[in-house]
Amino acid sequence: MKVGVLTGGGDAPGLNAVIRAVVRKCLMNGHEMVGIREGWRGLLECKFETLDRNSVSGILHRGGTILATSRTNVYKEKDGEATVIKNMKDNGIDALVAIGGEDTLGVASKLAKAGVQVVGVPKTIDNDLSATDFTFGFDTAVNIATEAIDRLHTTAESHNRVIVVEVMGRHAGWIAVYSGMAGGADIILVPEQKYDLDEVCSILRKRHEGGKSFSIVVASEGAIEKKSENEMLLQDQKLDSFGHVRLGGIGNYLAEQIEKRTGYETRSTVLGHIQRGGSPTAFDRVLGTRLGVFAAELVEEKKWGYMAALKGTDIVSVKLDEATGELKTIDMKLLDVASTFFG
Ligand code: F6P
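Definitions and limits used
- Residues numbered from 1 in each chain as written.
- Predicted model: local features only at pLDDT ≥ 70, side-chain atom pairs only at ≥ 80, totals over all residues.
- Heavy atoms only, no water.
- Patch = residues over 30% accessible without salt bridge, like charges linked within 9 Å, V, L, I, M, F, W, Y side chains within 5 Å.
- Areas by Shrake-Rupley, 256 points an atom, 1.4 Å probe, with all protein chains shown as cover.
- Salt bridge = Lys/Arg side-chain N within 4 Å of Asp/Glu carboxyl O.
- Helix = DSSP H or I, 4+ residues; strand = E, 2+ residues; numbered from the N terminus.
- Buried < 20%, exposed > 50% of the residue type's maximum accessible area, 1.4 Å probe, protein only.
- Right-handed = clockwise from strand over helix to strand, strands pointing away.
- Near = heavy atom within 4 Å.
- Polar contact = N/O pair within 3.5 Å; in protein donor to acceptor, adjacent residues only side chain to side chain.
- Domains from an automatic or database assignment.
- Pairing = 2+ DSSP bridges.
- Axes fitted to C-alpha atoms, helices over the stretch in contact; angles between N-to-C directions.
- Expected span 1.5 Å × (residues − 1).
- Arc of directions from axis to C-beta.

Chemist: Would you take a moment to explain a nonpolar patch on the surface for this structure?
Modeler: Taken together, Met181, Val337 and Phe341 make up a surface patch of nonpolar side chains, about 290 Å² in accessible area. Position of valine 337 among the secondary structure elements: in helix 11 (residues 332–339).

Dropping the structure here:
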């Protein structure tokens, strides 16, 4: 078979480990490999490149994706589905391995129903995909955020400041709760539980009156204030082709409000895309490699419409539908544990 591989959506550390594994295993099984550049856009615009063993050499430790990525939605383009099917046929591409999050895999799931031979690999630093215990990229993001919190601790302490750290996580607070717990945050705010500014300030006051002169607040970009009419704080009103808004601003908002209400000098740090960049951790390299090899096995078994997933310590196959139906929000027990150390 001629097998195409693509990466879609936001990049995540470990993507190259998956690409390398898919390509190496499929080549080993006697298939021809083609890289599709820039996610679904590459399939709509025929941006193809042959992949051989050399093309995936030396990329395991590298961040980003050698295939580039985009947030193009096939189903928002005129005749998108028909164009994908035609371009695959015209270029002799028999099957696809789609590596992506909810949006990319949502498109893969619809294409599978339309008869396209496609399997998936789940990716997102946000770890909010159902049907898999962890997505690759999450561990790296958590480690980056934890290191940042450690560093912010020393400067907060030196200046007697409150520092608000804004981390990624649109609808799920996985990065906030893991990095906050690992970094010893004094408060963690997540999208799953609306926050009350009075409560946040009273926790900080108690802590400072109890003798501490600095605090660290970790907030997911998608955390929502209890009494606010508006939902998440946005950078602007633009939507991408999957209908997502650009979040951002909660760190600055909280810092301003905390300083105003408590009188404690407060600063905010937005970690942003630093969380997605650079070299993947060993955990993400191993997870990416296992998922990639398994996806190649799904191709071998012609298990179209399925994706590789981590369940416990095993890699298993699950239907693409299951992964894209519902977002996986945090286990609130984690926040309970973290809150033992608030204040
Ligand atoms: O990949 C998911 C994510 O990390 C979200 O947490 C964040 O809101 C979004 O990507 C931002 O991505 P971009 O700036 O690439 O649109």
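So much for the structure itself; the text now carries on.
Chemist: Got a minute to help me understand the pairing of strand 5 (residues 118–122) in this structure?
Modeler: The side chains of a regular strand alternate, first on one face of the sheet and then on the other. The buried count for strand 5 comes to 5 of 5 residues, which makes it a mostly enclosed element. A two-sided burial pattern is seen for strand 5, the buried positions comprising Val118, Gly120 and Pro122 on one face and Val119 and Val121 on the other. Tracing the backbone out of strand 4 (residues 95–100), into helix 4 (residues 102–113) and back to the parallel element strand 5 gives a crossover that is right-handed.

Chemist: Sorry if this is basic, but what is going on with the site of the ligand here?
Modeler: Near the ligand you find Arg71, Ile125, Asp126, Met168, Gly169, Arg170, Glu221, His273 and Arg276, and these make up its full shell. The contact in question runs from an oxygen atom of the ligand to an N or O atom on the side chain of glutamate 221, over 2.7 Å. When the free accessible area of the ligand is taken as 400 Å², the share hidden by the protein chains comes to 81%. Here the shell around the ligand spans two domains, and each of domain 1 (2–136 + 280–324) and domain 2 (141–276) adds at least three residues to it.

Chemist: How do you make sense of the sheet that holds strand 8 (residues 215–220) when you look at a structure like this?
Modeler: Think of a sheet as strands paired side by side through backbone hydrogen bonds, with each pair either parallel or antiparallel. If you walk across this open sheet you meet the 4 strands as 7-8-6-11, and the pairing is parallel. Strands at the two margins of the open sheet, each flanked by one partner only, are strand 7 (187–189) and strand 11 (266–270). Adjacent strand axes in the sheet meet at a mean angle of 20°, parallel and antiparallel pairs treated alike. The pairing of strand 6 (residues 162–167) with strand 8 spans 6 bridges and is parallel. Among the inter-strand pairings, valine 165 is bridged to a residue of strand 8, identified as valine 218.

Chemist: I tried to follow helix 7 (residues 197–209) on my own but got confused; where do I start?
Modeler: Because each turn of an α-helix spans 3.6 residues, side chains separated by three or four positions in sequence point in the same direction. Between its terminal C-alpha atoms helix 7 stretches 18 Å, which fits the 18 Å expected from 13 residues at 1.5 Å a residue. Residues Leu197, Val200, Cys201, Leu204, Arg207 and His208 constitute the buried set of helix 7. End-on view of helix 7: buried residues confined to an arc of 120°, all on one side of the axis. Along helix 7, the residues that are exposed and aim more than 90 degrees away from the buried face are Lys206 and Glu209.

Chemist: Explain the pattern of salt bridges here, please?
Modeler: One side chain can pair with another of opposite charge once the charged atoms of both are near each other. The full count for this structure, using the stated rule, is 14 salt bridges. Taking the shortest distance from any N to any O, the salt bridge between arginine 267 and glutamate 265 comes out at 3.1 Å. Each of Glu38, Arg41, Glu45 and Lys47 takes part in a single network of salt bridges with overlapping partners.

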